[in-house]
Amino acid sequence: MVFIFFGLLTITTSITASYYFNQNKQAKIGGKISAAKAFWLGYALFNYFIFPVFLYFFLENSTLKLVLILIICLFYLRMLIQSYLMFVSKNWTPSYGILYNIISVIIIFSLLFKLYITFNAFDENGLLLLSLFLFKLILILFTDTFYAHNFKTLVGNNTKGKKAIWYASDDIKFNRINRITSRNNIFFSFLSIALITLMFYYDQY
């Protein structure tokens, strides 16, 4: 499991780095992206789409797996909707992302509440790991909502059309949000390291 996890992490990191260099090399839809925002993009995508699938095969309890399947469906549905709005209709706005984030947080909180009722206590490692991951997802969604709101304030409706801007670049007007993102990237990295360490620690026993 350790090798699979780090293999997936390496693939995600490579794709993110490639996207960062390609996006900044020439004029493309979405605009240029700063290093801090590229890191956050890769981090969020890994936690939305890749890690939940990995965690599914790590868990043994059927109820916990069902909850995770619902989370996976929630985020993969977002991928389909957002991809269509960004690349097909070219009508994406940060408001859509904020709305989906709010809906996702409500659903995740509801699932956590259901878990507490079902299990009554943290009586197995899988429940603790899943709960910690879901709490981390909530933090990611709140943080992403903060970013989206600030980005919308700076670019307005320029997120639509063939010349849409989706990312904060190294332009001076994005300096504040890039500084905040850099600090948050460090915080979330340590948060993930703690969760992964705990997960593999339990896997040994």
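Residues numbered from 1 in each chain as written. Predicted model: local features only at pLDDT ≥ 70, side-chain atom pairs only at ≥ 80, totals over all residues. Heavy atoms only, no water.

A. Region of interest: the layout of surface pockets. Here the largest pocket defines a volume of roughly 990 Å³. Where the lining of the largest pocket is concerned, the elements lending two or more residues are α1 (2-25), α2 (35-58), α3 (62-88), α4 (94-119) and α5 (125-155). Top contributing element to the lining of the largest pocket by residue count: α2, with 9 residues. Looking at side-chain class alone, the lining of the largest pocket contains 25 nonpolar, 8 polar and 3 charged residues. Around the second largest pocket, the lining comprises 17 residues; the ones closest to its centre are Leu9, Thr13, Phe39, Tyr43 and Phe46. (1 Å grid on protein atoms, 1.4 Å probe; cavity = no way out; pocket = protein on both sides within 12 Å on 5 of 7 lines; lining within 4 Å. Points joined across faces, edges and corners; volume = space filled by probe spheres on them. Helix = DSSP H or I, 4+ residues; strand = E, 2+ residues; numbered from the N terminus. Nonpolar A, V, L, I, M, F, W, Y, C, P; charged D, E, K, R; others polar.)

B. The arrangement of α3 in detail. In this model, α3 (27 residues) spans 38 Å end to end at C-alpha, consistent with the 39 Å of a helix rising 1.5 Å per residue. For α3, the full list of buried residues reads Leu64, Val67, Leu68, Ile71, Ile72, Leu74, Phe75, Arg78, Gln82, Leu85 and Met86. Among the residues of α3, the N-terminal cap falls to Asn61, whose side-chain oxygen and the backbone nitrogen of Thr63 are separated by 2.8 Å. One or two positions beyond α3, positive phi appears at Lys90, with a value near 55°. (Expected span 1.5 Å × (residues − 1). Buried < 20%, exposed > 50% of the residue type's maximum accessible area, 1.4 Å probe, protein only. Polar contact = N/O pair within 3.5 Å; in protein donor to acceptor, adjacent residues only side chain to side chain.)

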